[in-house]
Amino acid sequence: MCIRDRYDAQNYLTPDCYTKLRNTLTDPILKKLTVETLIYMFYNIWERQTQQAAVVELYNKGWRYSAALDTWFTDLSYPRDGTVLAGRYFNLTKWEITTPPEPVEISASNLQTLEDFLA
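Residues numbered from 1 in each chain as written. Predicted model: local features only at pLDDT ≥ 70, side-chain atom pairs only at ≥ 80, totals over all residues. Heavy atoms only, no water.

Considering all chains together, one arrives at 2 salt bridges under this definition. With a closest N to O distance of 3.9 Å, K31 and E57 form a salt bridge. Here K31, found in helix 3 (residues 27–32), pairs with E57, found in helix 5 (residues 48–60); they are 26 residues apart in sequence, far enough to count as distant. Among the ionic pairs, R88 bridges to D75, the shortest N-O distance being 2.7 Å. Pair noted here: R88 is in strand 3 (residues 83–91) and D75 is in strand 2 (residues 71–80), with a separation of 13 residues, a long-range link. (Salt bridge = Lys/Arg side-chain N within 4 Å of Asp/Glu carboxyl O. Helix = DSSP H or I, 4+ residues; strand = E, 2+ residues; numbered from the N terminus.)

Below, the structure is given as C-alpha cells:
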C-alpha cells in the first residue's frame, strides 16, 4: 500500500514543529543575520515575537519601513521639514538592496516608528 493511499486530507494535522518556530533568537544571533534574512523574517514568519525581533534589529542597523510603500529604506537624510531622502531601499522583486540614481523622496509621516511595530 502506498503512503499516498493512506493520506486522509480531512483528518490530517500538521505537526506543531512544522508550523511553530522555536523562538531561540537572541541578540547575538540576530546581530549576525544579514539584512536580507531579517527582511525575509519580517515578510514570511508570521509569529509576532519573531517579526518584532527582526524589526528591532533592522532599526538598529539603520533601516526604516514605509507602510504606504511597503518598502524598507536606509541611508536616510532629512533636508527639509516633512521630507526624507532615502539613499537605498530593499527591492522585493529582485530581493536585493538597490541604490537608485537619485535618492527616493518620502514623506516623513509615511515612515513607521519602532513604537508602531511594538505596540
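From this point on, the discussion continues.
Bringing the packing of aromatic side chains into the picture now. One pass over the full model with this rule turns up 11 aromatic pairs. Consider the rings of F42 and Y43, whose centres lie 4.9 Å apart with planes at 80°: the pair is edge-to-face. With relative accessibility at 12%, the residue F42 sits in the buried group. Judged by relative accessible area, which is 19%, Y43 ranks as buried. Aromatic side chains Y59 and W72 sit 6.0 Å apart centroid to centroid with 80° between the ring planes, which places their arrangement in the edge-to-face category. You can see Y59 sitting in helix 5 and its partner W72 sitting in strand 2, a full 13 residues away along the chain. Here Y59 and W72 have matching classes, each one buried. (Phe/Tyr/Trp six-rings, centres within 6.5 Å; stacked < 30°, edge-to-face > 60°. Buried < 20%, exposed > 50% of the residue type's maximum accessible area, 1.4 Å probe, protein only.)

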